[in-house]
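# Structure at a glance
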Amino acid sequence: MTSARIDSLDAFRAAYPAYDETAALDALRASEYVRLDAEGHVYLDYTGGGLYAESQLRAHLELLRTHIFGNPHSCNPTAQAATVLCEGARAEVLRYFHANPQEYTAIFTLNASGALKLVGEAFPFAVGGRYLLTVDNHNSVNGIREFARARGAEVTYLPINADDLRLDPQAVAAQLDRLEPGATGLFAYPAQSNFSGVQHDLRLIATAQASGWAVLLDAAAFVPTNRLDLSIWRPDFVSISFYKMFGYPTGIGVLLARRESLARLRRPWFAGGTITIASAQGGGHFLAAGETGFEDGTISYLGLPAVTIGLRHLEAIGIEQIHRRVTLLAGWLLGELAELRHGNGRPLVMIYGPRDTDRRGGTLAMNFYDAAGERIDFRAVEQRASEAQISLRSGCFCNPGVGEVINGLSGEEMTAYFHTFGPISFDAFINRLAGRATGAVRVSLGIASTFADAQRFLAFARTLLS
Ligand SMILES: Cc1ncc(COP(=O)(O)O)c(C=O)c1O
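Conventions we followed
- Once a new chain begins, its residue numbering starts again from 1 and follows that chain's sequence as written.
- Only residues with pLDDT of at least 70 are given local features in this predicted model, and only at 80 or more are side-chain atom pairs given and counted; all residues enter the totals for whole chains, interfaces and linings.
- Water and hydrogen atoms were dropped before computing side-chain values, which therefore reflect all heavy atoms in the structure.
- Near, as used in this document, describes a residue that has one of its heavy atoms within 4 Å of the molecule or strand being considered.
- Under the rule applied, a polar contact is a pair of N or O atoms within 3.5 Å (in protein, one hydrogen donor and one hydrogen acceptor; residues adjacent in sequence only if both atoms are side-chain atoms).
- We get accessible surface area from the Shrake-Rupley algorithm with a probe of 1.4 Å; when it comes to residues, only the shown protein chains can shield them.
- Helix numbers and strand numbers start at the N terminus; a helix is a DSSP run of H or I with at least 4 residues, a strand a run of E with at least 2.
- Gly is placed with the polar residues, together with every amino acid not listed as nonpolar (Ala, Val, Leu, Ile, Met, Phe, Trp, Tyr, Cys and Pro) or charged (Asp, Glu, Lys and Arg).
- The buried label goes to any residue with under 20% of its type's maximum accessible area, the exposed label to any with over 50%, and the partly exposed label to all in between, with areas taken from a 1.4 Å probe on protein chains only.
- Any two residues having at least one pair of non-hydrogen atoms within 4.5 Å are treated as being in contact.

### A closer look at the site of the ligand
Taken together, T47, N111, A112, S113, H138, N194, D218, A220, A221, S241, Y243 and K244 make up all the residues around the ligand. In this structure, an oxygen atom belonging to the ligand sits 2.6 Å away from a side-chain N or O atom of S113. A distance of 2.7 Å separates an oxygen atom of the ligand from a polar side-chain atom of K244. Surface burial for the ligand is 89%, taken as the share of its 390 Å² of free accessible area covered by protein chains. Sorting the residues of the shell around the ligand by element identifies α6 (112-122) and α11 (242-246) as the ones contributing at least two each. Classifying every residue of the shell around the ligand by side-chain character gives four nonpolar, six polar and two charged.

Written out as structure tokens, the structure reads:
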């Protein structure tokens, strides 16, 4: 059945019977995320940030209201109570990702960027070593190249295909083969693109490791709607932000690290809480073993119990159920958007990346075109969506590589911009590109998404038709 005929929930359920298997999510939306419908709001920025359930807040506040927690660096009873909860959260994180505690540890950070920086600043990059990363990456992964360059390591980007925005397996294999024996190499890529929703092959982890690379998997955009099972996939490092998974709390992320890989990192500094002993006058310090040596200062000991609560919330729903719903809605939207035509037959929407749900998540990047075939400024689309109470995102989503590829901007051209203009704002930059803006409109689905949300977005898209 083509999706063009679907204009009601009943029609959708008839065409996609598997949607009914996710009906529990509608009940959840009505009870836990009721504020969305109370405000008539359509939230489509789950890749930006997830939404929390009301029960998460209640459980967290009740815990804080009925206990006394002190700084876990102390040894008093309130500190011990906090330590129990923090270590409980650590154990819960490992359990959720099926990570064997003998093999992996969980290091709490401020966010995924904090996790990435921990690896970047401490990885033993050296002359003869390499940093290999995909063009499709968040800037917090791109930024690691500055540490690599500063220490003389070679930095190489793996290209993505312009049509499906996937990696070319042969180019990947050729690069992975090219690490000198004994040299240190870090290979970094996203499990799911925060720009296009493309899911890159997790089998690359083992392939790269077999060639001597340490692998940094950026899972920030993947884990809110997909199972990451670390008993199957064993990257050396994984970066995650919890607010993307379950909305609350902000300000806590995690670096999941294999213990043997962590032991190879060399921290450039120490901080309160990371040492067994440091001397002011003696000039020495000993870094604490394991995760302790990587958690700078006081961790968010009041926030961490909310991570345990959030993970249990996801487990109670089942990430597979969320995945199934998001995939169904994304598939329908992809089909519907592709069919929208102006009166003269010209398409309204250009979708970037895969047009079906094969190896992709519920993050859809697109641009809109008028009847003359001119691109409508993505900032104007976001503005109009905001007026219609729809929260989506526009720009390059901190992932400039995909933006450059979809607009056919070459490395030489981009280098020239940096030499010509000096520091300019993103808006000034896209204005100068005159029609070849590196950005797009991004719609992303998540835990509380419903058919009605997708339908409202389509209705909005139709208002751009002429
Ligand atoms: C794939 C990916 N990596 C890293 C990040 C950075 O996350 P944070 O801003 O929470 O550090 C994001 C945020 O959007 C992301 O989507």
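### What about the environment of S211?
Assignment of secondary structure puts S211 in the loop between α10 (204-210) and β6 (214-218). Accessibility expressed as a relative area gives 26% for S211, which makes it partly exposed. Distance in space between the C-alpha atoms of S211 and P77 is 49 Å, their sequence separation being 134 residues. The residues touching S211, leaving out its near neighbours within four places in the chain, are L176, D177 and L179.

### Here's the deal with the side chain of E291
Structurally, E291 can be placed in the loop between β10 (285-287) and α13 (304-317). The exposure class of E291 is buried, given its relative accessible area of 15%. Filtering out sequence-adjacent residues up to four positions away, E291 remains in contact with R90, T105, A106, I107, R259 and L262.

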